[in-house]
Amino acid sequence: MPTLGSWGRYPHHPQTPHSVGWPFEIGNAFSRIQGAGVASTLGYGCGRSYGDSCLAQSDHVIALAGMDRVIAADWQTGVVTVQAGVTLDGLIRIALPNGWFLPVTPGTKFVTLGGAVANDVHGKNHHVMGTFGRHVRRIVLHRSDKGVCDCSPAENEELFNATVGGLGLTGIILAVELQLRAVRSSDIEQTCIKFGDLDEFFALSSQQDSKYEYTVSWVDCLAGGKSAGRGHYIGGNHSAAGELKVADGHAKRMPVDPPFSLVNTLTLKAFNALYYQRQVRKVVETRVSYDPFFYPLDKLLLWNRMYGKAGFQQYQCVIPPESGRDAVAAILRETSINGAGSFLAVLKQCADIKSPGLLSFPKAGVSLALDFAQRDALNTRLFARLDALVHEAGGRLYPAKDAHMSAHHFQSAYPAWARLESLRDPLLMSRFWRRVTS
Ligand SMILES: Cc1cc2nc3c(=O)[nH]c(=O)nc-3n(C[C@H](O)[C@H](O)[C@H](O)COP(=O)(O)OP(=O)(O)OC[C@H]3O[C@@H](n4cnc5c(N)ncnc54)[C@H](O)[C@@H]3O)c2cc1C
């Protein structure tokens, strides 16, 4: 039987899937798993979490991607109810032709609704719409100890809040009722502005963010000296012109699964320099389809294989506004001193928009995400140093991307963890949760 893993392929703990296609099969799956003497399990969507938050402590997961049916859709109000295994791609395909789009989307459409709720994902519009969980109206949950429960802000509110961003630990999500966002076109009016250093990024961001629903910046993390922190600021708004057209879905697949990483100092330097120089003019305005705007990485399926069998880790933190600039500068400096570099260094300002989720990651401040090829010294050297900087600056790391955070850092950054633990389904346990709570 093929096994499953996480997107970063680190840590390497192959997961045995117990697949279900219908909600009524969840109870049987619980009984079968317990009957086989497996102590715990975990729901599994598309495995697009980078680290070990989607890996069961027992290495036996309940695979939910087969539960992918639309239960109800009201195209007057944009309220849909779907099974938790429906992907964002699947939802866009039915909603967009009807004039509706996701209220919040992460940088890949290949995630399930269950996964989006469990990590309370955020997107380029956090400063306007907050996290995904703010747009969820109701969740149907199956717990091993209580059976099926309906949760919403009006019913079982505590369980609802714990399930949003609850890392899949409060029960198996069967269905999600979601409020979509109205759009008139599938295109985005995009503005791309080149910036020369980190100070220019912060100045641009404070001048421009209010003009755009979507903002994100790419940073050349290998540029040093006066150019440290140079990059491209990208802003976008849904267009009023153009058709309501679903993307054609053609994507290339990473053709090989190399045993070693193709990402090294040489390829990184070349990529970063070329990427920065690709735009000659300071400001470029274009109209683009939603697909390349939101999901540029989805064009190459299984791009995670680029990092070879050892995999890679993403380091994503959010730092409060008062310490954001200096902490980001220090993190980028530390990264280049260590000779490490990232293809994707992404900066985004998050706003002070409260989510119902107890353990939601975003908070007001700047978020930085960096990818690193896995090597032995990563956790003990570079990440230990970066963790200290983030901790001192009052920031925190994103559990959905994490594979190394200490229990101390997690518990001080997410004090509500103990409430989640008290509401945890006793049969559900991830490798991440065991690591950060014991
Ligand atoms: C290229 C890329 C870009 C990304 N960009 C962003 C971004 O911009 N913002 C962001 O927030 N995240 C981002 N992510 C992370 C990704 O959006 C989240 O990790 C997402 O939750 C993954 O969903 P999944 O369906 O793959 O779930 P999995 O990774 O399989 O599982 C995630 C969690 O959900 C739980 N779970 C899944 N289904 C269920 C269910 N039915 N019931 C109960 N629990 C369940 C699992 O137990 C686990 O805890 C990105 C990931 C990739 C690969």
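Reference entry: report on the structure contained in this document.

Cut-offs used in this document
Residues numbered from 1 in each chain as written. Predicted model: local features only at pLDDT ≥ 70, side-chain atom pairs only at ≥ 80, totals over all residues. Heavy atoms only, no water. Near = heavy atom within 4 Å. Polar contact = N/O pair within 3.5 Å; in protein donor to acceptor, adjacent residues only side chain to side chain. Helix = DSSP H or I, 4+ residues; strand = E, 2+ residues; numbered from the N terminus. Nonpolar A, V, L, I, M, F, W, Y, C, P; charged D, E, K, R; others polar. Salt bridge = Lys/Arg side-chain N within 4 Å of Asp/Glu carboxyl O. Buried < 20%, exposed > 50% of the residue type's maximum accessible area, 1.4 Å probe, protein only. Pairing = 2+ DSSP bridges. Core = buried A, V, L, I, M, F, W, Y, C linked by side-chain atoms within 4.5 Å. Contact = heavy atoms within 4.5 Å. Axes fitted to C-alpha atoms, helices over the stretch in contact; angles between N-to-C directions. Parallel < 35°, antiparallel > 145°, perpendicular 65-115°, else oblique. Arc of directions from axis to C-beta. Phe/Tyr/Trp six-rings, centres within 6.5 Å; stacked < 30°, edge-to-face > 60°. Lys NZ or Arg CZ within 6 Å of the ring centre and 35° of its normal.

### Quick look at the site of the ligand
Item 1. For the ligand, the set of nearby residues contains 35 residues, the closest of which are Gly43, Ser49, Thr112, Gly115 and Tyr398.
Item 2. Within the contact set of the ligand, an oxygen atom lies 2.8 Å away from a backbone nitrogen or oxygen of Gly47.
Item 3. Here Ser49 contributes a side-chain N or O atom positioned 2.7 Å from an oxygen atom of the ligand.
Item 4. Listed by contribution, the elements that provide at least two residues to the shell around the ligand are strand 2 (42-44), helix 3 (113-118) and strand 9 (172-179).
Item 5. Taken together, the residues of the shell around the ligand sort by class into 19 nonpolar, 14 polar and two charged.

### Remarks on the pattern of salt bridges
Item 1. For the structure on display, the rule yields 19 salt bridges.
Item 2. Among the ionic pairs, Arg287 bridges to Glu189, the shortest N-O distance being 3.3 Å. Placement of Arg287 in strand 15 (residues 283-289) and of Glu189 in strand 11 (residues 187-195) is noted, with a sequence separation of 98 residues between them.
Item 3. Each of the salt bridges in this network shares a partner with another, and the network as a whole consists of Arg137, Arg138, Asp150 and Glu177.

### What about the pairing of strand 11?
Item 1. Burial runs high along strand 11: eight of the nine residues are buried.
Item 2. Here seven bridges tie strand 11 to strand 15, and the two strands are oriented antiparallel to one another. Paired with Gln190 across the bridge in strand 15 is Thr286.
Item 3. Looking at chain direction, strand 11 and strand 13 (residues 231-238) are connected through eight bridges and run antiparallel. Across the sheet, the residue bridging to Phe195 is Gly231, located in strand 13.

### Some thoughts on the nonpolar core
Item 1. Formed by 116 residues in total, the largest nonpolar core has its most connected members in Phe132 and Trp433.
Item 2. Apart from the residues within four sequence positions on either side, Phe132 is in contact with Leu88, Val104, Leu113, Ala116, Val117, Asp120, Val121 and Leu178.

### Points about the sheet that holds strand 3 (residues 60-63)
Item 1. One open sheet accounts for three strands, arranged 1-3-2; its pairing is parallel. Unpaired on one side and paired on the other, strand 1 (16-19) and strand 2 mark the two borders of the sheet. Averaged over all neighbouring strand pairs, the angle between strand axes comes to 40 degrees, with direction disregarded.
Item 2. Note: strand 2 against strand 3, three bridges, orientation parallel.

### Digging into the packing of helix 9 (residues 321-337) against helix 10 (residues 377-392)
Item 1. Contact geometry of helix 9 with helix 10 gives a least axis separation of 10 Å together with a crossing angle of 170 degrees. Put simply, helix 9 runs roughly antiparallel to helix 10. Here Ala330, Ile331, Glu334 and Thr335 of helix 9 come into contact with helix 10, specifically with Leu382, Arg385, Leu386, Leu389 and Val390.
Item 2. Its residues assigned to classes, the contact of helix 9 with helix 10 shows six nonpolar, one polar and two charged.

### Concerning helix 2 (residues 88-95)
Item 1. Those residues of helix 2 not exposed but buried are Leu88, Asp89, Leu91, Ile92 and Ala95. Summarising the axial view, the buried residues of helix 2 lie within an arc of 160 degrees, below the 170-degree limit, and thus occupy one face.
Item 2. Looking at the buried positions of helix 2, the neighbouring elements they touch are strand 5 (79-83), strand 6 (100-101), helix 3, strand 9 and helix 8 (290-294).

### Thoughts on unusual backbone geometry
Item 1. At the junction of Tyr10 and Pro11, the peptide bond is cis and its omega measures out at -5 degrees in the coordinates.
Item 2. In the Ramachandran plot, Arg9 falls in the positive-phi region, its phi being about 60 degrees despite a non-glycine side chain.
Item 3. Inspection of the secondary structure assignment puts Arg9 in the segment before strand 1.

### Side note on the packing of aromatic side chains
Item 1. Counted according to the given criterion, the structure contains 20 aromatic pairs.
Item 2. Judged by centre distance (5.9 Å) and plane angle (50 degrees), the rings of Phe294 and Tyr295 are tilted.
Item 3. You can call Phe294 buried: its relative accessible area is 2%.
Item 4. Residue classification places Tyr295 among the buried residues on the basis of a relative accessible area of 1%.
Item 5. Grouped by ring-pair contacts, the aromatic residues Phe101, Tyr214, Tyr290, Phe293, Phe294 and Tyr295 constitute a single cluster.
Item 6. Positioned above the aromatic ring of Trp22, the side-chain terminus of Arg69 is 3.4 Å from the ring centre.
Item 7. Here the basic side chain of Lys124 rests over the ring of Phe293, its NZ or CZ set 5.0 Å away from the ring centre.

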